[in-house]
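Listed here are the chains, written in short residue letters.
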Amino acid sequence: MKQTGDSYHWTNELLRTIPFEKWDVCPDVVKSTLNWQVGHLIVSHYFHSVMVIKGHQVDILRQIPLKEYDAYFTEGNPEMTIGKLDSRTLFEQLHFMQKSSLEIIKNLIDEDLSKPLKPSAIPHPIAKNKLESLDWNIKHTMYHCGQIGILKRIVDKRHDFGLKSN
């Protein structure tokens, strides 16, 4: 749970420093936007740390249009989402998804981790059991955190990690 929380923290740490009006900028060198990255993380957190762990969660599905988001952020081209979504809403939904994810993980016991994934229409691309899916969620989140860091540097400025320069 700590590693999942840490990966969410680093993602949010970067995102909160970028003005929302820059979240739809799609640099040619990256061909992605912060809105697309955040939407993709919402969908992937749901899949990797909620749905295949505990099954569909109606409370989440009522608050986040995941079917629509799946079309935008899984198969969709980032450029096709420009101007279609509110950045502040996406950021709030990301926080809600992260909180929901951590709550589910917190309630797992060690024996749950070796159990098979909940069945889904889409087979998990990496994992065969719950621990592998949660592990992939951490790695996948940090992979996109790196992309968010690159986007921040391009559309705004280099992130200040608080390191002292010589």
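To keep things clear, this report deals only with the structure shown in the data block. From a predicted model like this one, the values you see are computed outputs, not experimental measurements.

What counts and how
Residues numbered from 1 in each chain as written. Predicted model: local features only at pLDDT ≥ 70, side-chain atom pairs only at ≥ 80, totals over all residues. Heavy atoms only, no water. Helix = DSSP H or I, 4+ residues; strand = E, 2+ residues; numbered from the N terminus. Expected span 1.5 Å × (residues − 1). Buried < 20%, exposed > 50% of the residue type's maximum accessible area, 1.4 Å probe, protein only. Arc of directions from axis to C-beta. Axes fitted to C-alpha atoms, helices over the stretch in contact; angles between N-to-C directions. Parallel < 35°, antiparallel > 145°, perpendicular 65-115°, else oblique. Contact = heavy atoms within 4.5 Å. Nonpolar A, V, L, I, M, F, W, Y, C, P; charged D, E, K, R; others polar.

**Some thoughts on helix α1 (residues 2-15)**
Helix length check: α1 (14 residues) gives 20 Å between terminal C-alpha atoms against 20 Å at 1.5 Å per residue, within 8%. For α1, the set of buried residues is T4, S7, Y8, T11, N12, L14 and L15. Angularly, the buried residues of α1 cover 165 degrees about the axis, an arc narrow enough to put them on a single face. Along α1, the residues that are exposed and aim more than 90 degrees away from the buried face are K2 and Q3.

**Brief notes about the packing of helix α2 (residues 34-54) against helix α7 (residues 130-155)**
Packing of α2 against α7 brings their axes to within 10 Å, and their N-to-C directions diverge by 175 degrees. With respect to α7, the element α2 is oriented roughly antiparallel. In this structure, α2 uses L34, W36, Q37, H40, L41, S44, H45, H48, S49, V52 and I53 to contact α7, whose residues at the interface are K130, S133, L134, W136, N137, H140, T141, H144, Q147, I148, L151 and V155. Among the residues forming the contact of α2 with α7, the class breakdown is 10 nonpolar, 12 polar and one charged.

**Some remarks on the side chain of S101**
Within the secondary structure layout, S101 lies in helix α5 (residues 87-106). Among residues more than four places away in sequence, those in contact with S101 are T4, Y8, S49 and V50.

By themselves these figures say nothing about function.
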